[in-house]
Amino acid sequence: MSRTLIALLLASLAAPALQAAELVVYTERREPLVTPLFDRYEEETGTRIRVLSDGAPVLIERLAAEGANTRADIFMAVDAGNLWQAAERDLLAPTESAALEAAVPAHLRDPQGRWFALSQRARTIVYSTERVQPSELSTYEALAAPEWKGRLCLRSSKKVYNQSLVATMIERLGAGRTEEVVHGWVANLATAPFADDTQLAKAIAAGQCDVGIINTYYLGRLQAEEPDFPVQVFWANQGAGGAHVNVSGAGIVAASKNKGAARDFLEWLASASVQADFASINYEIPAREGVALDPVVAAWGPFKPDPVNVTVAGKRQAEAVRLMDRAGWR
């Protein structure tokens, strides 16, 4: 073998791996919320991001059906329960990354490193600023008390966000106490559950009910359009566990052919400068601590989140659904 050929071989072994020309992201997160960032990553690195959007259950089944033949590199979802489901079906690869572990608090990621939160989605109490004083509010459980009869609005129990909330309540309170609370909520409903949180917030503003439980970013959108919108956030359970937090997050697909490049992409999404944009585009809270908040979000004030690991949302999801059915929450 010639010296020239040997030198070329040694140089190729010493050279860093080339950046993948393309990464494929299967995402439940709506495209308008991620496309600006994906375009930015392409501009900065030259790596094209291709997107397939659908609901998490559909994407999970697709990944399972595609198996080793999938072209997907990243799975992105907007609920910890959905991320847990994908991980439990061995569709996500354990990822070792000091950068991700430093950026994402332990309770906001899979203990085995199969997925990591990219933003926090707080689900807490909201109230009419015209008919309710903040001093009247305290915990999720207290909304089951008789004084809220005919004054409470809820979203459908079919939505995974409510299932995750109840799942974490089971973890914290036990199934018996949680079922008592959910029964109380149902008894206090002012009207049938709503299809989405925006409708719920507007119902409070219109006087149809006085309090409700929603993901805060829905209210953020309304307040951004109408600063005097007469509904405000109350951080629940600040002396009793903390406010419920769900996540939008992502993991590397187990069958990905570009795991190194996919890890680089996740680390970029978790970096401080990107975290601010990832969260603020939807009035969410960055997963990474110390990142500046959107002014609408900052106006709600600081809060203590429930420290339970968000994987509980998946582990107890089936139990939560059965409990909600028994309680008559439709």
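Treat the numbers as computed from the prediction; the structure is a model and nothing was measured.

Notes on helix α3 (residues 56-66)
Three or more residues of α3 are buried, namely Ala56, Leu59, Ile60 and Leu63. All buried residues of α3 project into a common sector of 100° when viewed along the axis, lining one side. For α3, exposure combined with an orientation more than 90 degrees from the buried face picks out Pro57 and Ala65. On its buried face, α3 is in contact with β1 (22-27), β2 (48-53), β3 (74-77) and α4 (80-88).

Details of the pattern of salt bridges
For side chains of opposite charge, pairing can occur when their charged atoms come near one another. Per the counting criterion, the structure on display carries 25 salt bridges. For the salt bridge of glutamate 88 with arginine 114, the shortest nitrogen-to-oxygen distance reads 3.2 Å. Of this pair, glutamate 88 sits in helix α4 while arginine 114 sits in the loop between α5 (98-103) and β4 (116-128); the two residues are 26 residues apart in sequence, bridging distant segments of the chain. A single salt-bridge network, built from bridges that share partners, covers Glu22, Arg48, Arg50 and Arg71.

Concerning the side chain of aspartate 306
Mapped onto the secondary structure, aspartate 306 falls in the loop between α12 (295-298) and α13 (312-315). A distance of 3.1 Å separates a polar side-chain atom of aspartate 306 from the backbone nitrogen of valine 308. Apart from residues no more than four positions distant in its own chain, aspartate 306 is found in contact with His107, Arg172, Gly241, Gly242, Ala243 and His244.

Quick word on the packing of helix α2 (residues 31-45) against helix α10 (residues 259-269)
Packed helix pairs are specified by the crossing angle of their axes together with the interaxial distance, meaning the distance between the axes. Direction vectors running N to C along α2 and α10 enclose 120°, while the axes themselves pass 12 Å from each other. In terms of orientation, α2 and α10 fall into the oblique class. The two elements α2 and α10 cross, and the hand of that crossing is right-handed. In this structure, α2 uses Leu37, Phe38, Arg40, Tyr41 and Glu44 to contact α10, whose residues at the interface are Ala261, Asp264, Phe265 and Trp268. Tallied by class, residues from the contact of α2 with α10 come to six nonpolar, no polar and three charged.

With respect to the pairing of strand β8 (residues 244-252)
Of all nine residues in β8, nine are buried; the element is thus mostly enclosed. Burial along β8 is two-sided: the face carrying His244, Asn246, Ser248, Ala250 and Ile252 and the face carrying Val245, Val247, Gly249 and Gly251 are both buried. Pairing of β3 with β8 involves four bridges; the strand directions are antiparallel. Counterpart to isoleucine 74 in the pairing with β8 is isoleucine 252. Looking at chain direction, β4 and β8 are connected through seven bridges and run antiparallel.

Some words on helix α14 (residues 317-327)
Among the residues of α14, those classed as buried are Gln317, Ala320, Leu323, Met324 and Ala327. Across the axial projection of α14, the buried residues extend over an arc of 120°, all falling on one side. The secondary structure elements touched by the buried residues of α14 are α4, α6 (160-173), α7 (175-187) and α13.

Details of the pairing of β4
Looking along a regular strand, one sees the side chains alternate between the two faces of the sheet. Of all 13 residues in β4, 13 are buried; the element is thus mostly enclosed. Where β4 meets strand β9 (residues 285-286), two bridges bridge the pair, whose relative direction is antiparallel. Residue pairing across strands places glutamine 120 opposite isoleucine 285, the latter belonging to β9. Judged from the four bridges that link them, β4 and strand β7 (residues 231-234) form a sheet pairing that is antiparallel. Bridge pairing in β7 places isoleucine 125 opposite phenylalanine 234.

Cut-off values and rules
Residues numbered from 1 in each chain as written. Predicted model: local features only at pLDDT ≥ 70, side-chain atom pairs only at ≥ 80, totals over all residues. Heavy atoms only, no water. Buried < 20%, exposed > 50% of the residue type's maximum accessible area, 1.4 Å probe, protein only. Helix = DSSP H or I, 4+ residues; strand = E, 2+ residues; numbered from the N terminus. Arc of directions from axis to C-beta. Contact = heavy atoms within 4.5 Å. Salt bridge = Lys/Arg side-chain N within 4 Å of Asp/Glu carboxyl O. Polar contact = N/O pair within 3.5 Å; in protein donor to acceptor, adjacent residues only side chain to side chain. Axes fitted to C-alpha atoms, helices over the stretch in contact; angles between N-to-C directions. Parallel < 35°, antiparallel > 145°, perpendicular 65-115°, else oblique. Left-handed = near helix turned anticlockwise from the far one by under 90°. Nonpolar A, V, L, I, M, F, W, Y, C, P; charged D, E, K, R; others polar. Pairing = 2+ DSSP bridges.

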